[in-house]
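# Structural characterization, general
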Amino acid sequence: MRMDHDRLVCGLATAFDVPDGNGGEPWSADQFRDFVDAGYQVPLLLNHERPINSRGLTPSVGTARKFAAVEYPVKGLLCLAEVDYADGWGDSILRDVGKALSQEYLPSVWGFSVAAKTLEDGQMWPVEVSITRKPASPTHGFSHAVLPLYRPGNFAER
């Protein structure tokens, strides 16, 4: 599948081995192994919701295309997502992320958060990834942190 490199964002969808702050168990890389190995894609939403426009709901703002469990610099589930046009929402998101990343000191403005279901064997299976400014409630199966996003090529432009 060919991706539009100008519309890609990359970041950690969740951190591993980090308590969620509400007494929940931390997620581990092993729990996401089957999902990462399967190579599935999931919808990219905005704040764990489908945006509303004048014609109704926008199905998604893009697609979370690739995942990998990483160990450095932080243990977590790395996500590469492509932001679609999404009735205009996508361009606004990319513009806002680009402005945040153009600053010398990165603020924690946008990040990823993952919604996942726990299967009977204990494996976690993401059902969507959201680009968001705040994490969803960990008690609902969402990630434990919002971490800054990176846009490929952003730092090469400096």
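The paragraphs below set out a description of the structure included in this document. (Residues numbered from 1 in each chain as written. Predicted model: local features only at pLDDT ≥ 70, side-chain atom pairs only at ≥ 80, totals over all residues. Heavy atoms only, no water.)

Right, let's get into the environment of Asp121. For Asp121, the location among the structural elements is in the loop between β7 (111-118) and β8 (124-132). One polar contact links the side chain of Asp121 to the main-chain amide nitrogen of Gln123, over a distance of 3.0 Å. (Helix = DSSP H or I, 4+ residues; strand = E, 2+ residues; numbered from the N terminus. Polar contact = N/O pair within 3.5 Å; in protein donor to acceptor, adjacent residues only side chain to side chain.)

For the rest of this paragraph, the subject is the pairing of β7. Taking burial as the measure, the eight residues of β7 include six buried ones, the bulk of the element. For β7 and β8, the ladder comprises eight bridges, and the chain directions are antiparallel. Its bridge partner lying in β8, Lys117 is registered against Trp125. Connecting β7 to the next strand, β8, in antiparallel fashion are five residues, including Gly122 with a positive phi near 90 degrees. (Buried < 20%, exposed > 50% of the residue type's maximum accessible area, 1.4 Å probe, protein only. Pairing = 2+ DSSP bridges.)

All right, on to the side chain of Asn53 then. For Asn53, the position within the fold is in strand β3 (residues 52-53). Engagement of the side chain of Asn53 in a polar contact is seen with the side chain of Thr58, the distance being 2.9 Å. A polar contact is formed between the side chain of Asn53 and the side chain of Asp87, at a distance of 2.7 Å.

Our focus in this paragraph is the packing of aromatic side chains. Scanning all chains against the criterion turns up five aromatic pairs. Consider the rings of Tyr40 and Trp125, whose centres lie 5.7 Å apart with planes at 65 degrees: the pair is edge-to-face. Here the residue Tyr40 occupies a position in the loop between α1 (33-38) and β2 (42-46), and Trp125 occupies one in strand β8, the gap between them amounting to 85 residues. Accessibility expressed as a relative area gives 48% for Tyr40, which makes it partly exposed. In this structure Trp125 comes out as partly exposed when scored by relative accessible area, which is 24%. An aromatic cluster is defined as three or more aromatic residues linked by ring pairs; in this entry it consists of Phe35, Tyr40, Phe67 and Trp125. (Phe/Tyr/Trp six-rings, centres within 6.5 Å; stacked < 30°, edge-to-face > 60°.)

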